[in-house]
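Breakdown of the fold
Given next are the chains, with one letter for each unit.
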Amino acid sequence: QKEVEQDPGPLSVPEGAIVSLNCTYSNSAFQYFMWYRQYSRKGPELLMYTYSSGNKEDGRFTAQVDKSSKYISLFIRDSQPSDSATYLCAMGASGGSYIPTFGRGTSLIVHP
Amino acid sequence: DSGVTQTPKHLITATGQRVTLRCSPRSGDLSVYWYQQSLDQGLQFLIQYYNGEERAKGNILERFSAQQFPDLHSELNLSSLELGDSALYFCASSATGSMNTEAFFGQGTRLTVV
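The paragraphs below set out a description of the structure included in this document. (Residues numbered from 1 in each chain as written. Chains lettered and ligands numbered in written order. Predicted model: local features only at pLDDT ≥ 70, side-chain atom pairs only at ≥ 80, totals over all residues. Heavy atoms only, no water.)

Overview of the side chain of Thr50(A)
Residues and elements named next belong to chain A. Inspection of the secondary structure assignment puts threonine 50 in strand β5 (residues 45–51). Of the residues examined, threonine 50 reaches a relative accessible area of 6% and is grouped as buried. Discounting residues that sit within four places of it in the chain, threonine 50 has contacts with Gln31, Tyr32, Phe33, Lys56, Ala63 and Val65. (Helix = DSSP H or I, 4+ residues; strand = E, 2+ residues; numbered from the N terminus. Buried < 20%, exposed > 50% of the residue type's maximum accessible area, 1.4 Å probe, protein only. Contact = heavy atoms within 4.5 Å.)

Quick look at the structure:
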């Protein structure tokens, strides 16, 4: 079992839809939970990070962490064609290595 | 623009050859991280340097090596190249020694080994 699991998709939705992207993990030591967006042929860009459990909102994006279920989500409201990209989750522990473990990414397509 | 500069953008070379990828971190960032991204493996951490010193090592092959110079730019050297080394190579930087809260990726170098 991989430490971080993420469905590669593609996930295709109509413009304006609410998108839910998810990752599961197995390492209980993870405390930092990050979401990156990667456009085709570009480098990943950090969208937001959450420490420990709970929700965090930034504009149309909401990150949610459920540590009891080892499950994290990224919700995108009012999705736009410009949101079409690959979304990678990443998780890191507090101590020891400060290098996060990345999921494989979910490809999202928002069609007009 | 993340502020992290990688050169070259594209590289095509033959098996057995050696190449050098270069990364200039964001101004003021002390940490540089190297990643390899391929379709079947996803984003794989290779190595981290912090203020000139090696800080963490991931799945980096012995044929690969890196260094960070006094001006904080970094180079990733790939030698005895194999077809399987074809991938996107990313550099990221952060102000601290951790990627857990902040990191900025460059645009990557696409390496094709033929």
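What to know about the environment of Val110(A)
Residues and elements named next belong to chain A. Checked against the element boundaries, valine 110 lands in strand β11 (residues 106–111). The sequence separation of valine 110 and leucine 11 amounts to 99 residues, and the corresponding C-alpha distance is 8.3 Å. Not counting chain neighbours up to four residues away, the residues in contact with valine 110 comprise Val13, Pro14, Glu15, Ser79, Gln80, Pro81, Asp83 and Ser84.

A few points about the interface of chain A and chain B
Across the boundary between the two partners, chain A contributes 18 residues, which contact 23 residues of chain B. Each partner contributes to the roughly 1,700 Å² buried at the junction of chain A and chain B, and carbon and sulfur atoms together form 55% of this total. Sorting the residues of chain A by area buried against chain B places Tyr98(A), Ile99(A) and Arg104(A) first, and these three jointly supply 32% of that buried surface. Here chain A is connected to chain B by zero salt bridges. (Buried area = accessible area lost by both parts, 1.4 Å probe. Salt bridge = Lys/Arg side-chain N within 4 Å of Asp/Glu carboxyl O.)

Considerations on the packing of aromatic side chains
Counted by the stated rule, this structure contains eleven aromatic pairs over all chains. On the basis of an interplanar angle of 80° and a centroid distance of 5.5 Å, the ring pair of Phe102(A) and Tyr35(B) is categorised as edge-to-face. Note that Phe102(A) is positioned in strand β10 (residues 101–102) and Tyr35(B) in strand β4 (residues 31–38), a pairing that runs across two chains. Take Phe102(A) and Tyr35(B): they sit in the same class, and that class is buried. Between Phe64(B) and Tyr89(B), the aromatic rings sit 6.5 Å apart at their centres with planes inclined by 70°, giving edge-to-face as the arrangement. Note that Phe64(B) is positioned in strand β7 (residues 64–68) and Tyr89(B) in strand β9 (residues 87–94), a separation of 25 residues in sequence. (Phe/Tyr/Trp six-rings, centres within 6.5 Å; stacked < 30°, edge-to-face > 60°.)

With respect to the sheet that holds strand β7 (residues 61–66) of chain A
Residues and elements named next belong to chain A. Pairing in this open sheet of five strands is antiparallel, and the strands run β1-β3-β8-β7-β6 from one edge to the other. Where the open sheet ends on each side, the last strands, each with one partner, are β1 (4–5) and β6 (54–58). By the bridge criterion, five bridges tie β6 to β7 in an arrangement that is antiparallel. Counted as the bridge partner of aspartate 58 is phenylalanine 61 from β7. (Pairing = 2+ DSSP bridges.)

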